[in-house]
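# Analysis of the macromolecular model
The lines below spell out each chain.
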Amino acid sequence: MVQGKISHGTADLPLRLEVSDLQTGSLKGISFNLHDGELLGIGGLKGQGQRELLLSLFGDRPYMGRVALSGKTVLFKNTRQAMEKGVALVPGERSTEGLLSIRSILENLLLPSWKNYGFPLRMPKARADATKVSKSLNMTMAGLDQSVSGLSGGNAQKAVIGKWLLRQPKLLLLDDPTKGVDVGTKAEFYRLLAKLCEEGTAVLFYSSDDEELLGLCDRVLVLHDGVIRTELSGENLTKSNLVAASLGASDESLQ
């Protein structure tokens, strides 16, 4: 069961992300704002530009248009530049994009953060940080030196999320993060999202599960054919409107 809405009354909080007329090969002029502490949903049928949008914001796709973080225009040429500005992306395909399956849990958790531990590496500090984040996520494992390939789907996804939590991101991009995980892990993930939003993290959340978007988000941007077909919020954020917009219905018909 999806818990209640996660972010409330964020309009008075600082703007974390401003996107104006963002265009790529498949996106045709995307514009929206995202505040600190807000969980903003992205809906629509799979393949309508949601992934392209997230990858563009993470510096992994070239684009035209304007992107600003905390009022300052950015143009990331690679993912490293995005990470340095406090942006993190949790991919949906954890086995191929989120983890190095032949490496240990410890190595995977610290993958984006090794440089923070100096040279030579301060392994006691690195291991302590990895232990802390694994405990905060209630990861079930034999130990940090276990191969990540031996984890269940839910615990593997926790490892993907954990490696970014170590960087304390200001903007968290989520690409269908609960796909293929069990109900218990989903509930833990929802609690984590609530905690991050309470701490001021801005979250852009694509989900292929309409019930998640309806249950967790105050606002949902519905993408169709590379454009935001509509923004649903308040009494207009309903299952029927979400489905209709996903199929290309116009704003005028969503009343």
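Residues numbered from 1 in each chain as written. Predicted model: local features only at pLDDT ≥ 70, side-chain atom pairs only at ≥ 80, totals over all residues. Heavy atoms only, no water.

To continue, consider the packing of helix α6 (residues 153-165) against helix α7 (residues 183-198). Their axes nearest at 11 Å, the elements α6 and α7 cross at an angle of 15°. One finds that α6 runs roughly parallel with respect to α7. Judged by the twist between their axes, the crossing of α6 over α7 is left-handed. On α7, the residues that touch Gly154, Lys158, Ile161 and Leu165 of α6 are Thr185, Glu188, Phe189, Leu192 and Leu196. Of the residues belonging to the contact of α6 with α7, the class tally is 5 nonpolar, 2 polar and 2 charged. (Axes fitted to C-alpha atoms, helices over the stretch in contact; angles between N-to-C directions. Helix = DSSP H or I, 4+ residues; strand = E, 2+ residues; numbered from the N terminus. Parallel < 35°, antiparallel > 145°, perpendicular 65-115°, else oblique. Left-handed = near helix turned anticlockwise from the far one by under 90°. Contact = heavy atoms within 4.5 Å. Nonpolar A, V, L, I, M, F, W, Y, C, P; charged D, E, K, R; others polar.)

To summarise the sheet geometry, strands pair through backbone hydrogen bonds and adopt either a parallel or an antiparallel arrangement. Spatially, 6 strands are ordered β6-β7-β8-β3-β9-β10 in an open sheet, and the strand pairing comes out mixed. Looking at the sheet topology across the chains shown, the edges are occupied by β6 (87-90) and β10 (227-233). Going from strand to strand, the sheet's axes swing by 20° on average, the running direction of each strand aside. In this structure, strand β9 (residues 219-224) lies alongside β10, joined through 6 bridges in antiparallel fashion. Opposite Leu221, over in β10, you have Glu231 as the bridge partner. Contacts from helix α9 (residues 239-246) reach β9 and β10, with the element oriented near 25° to β9. (Pairing = 2+ DSSP bridges.)

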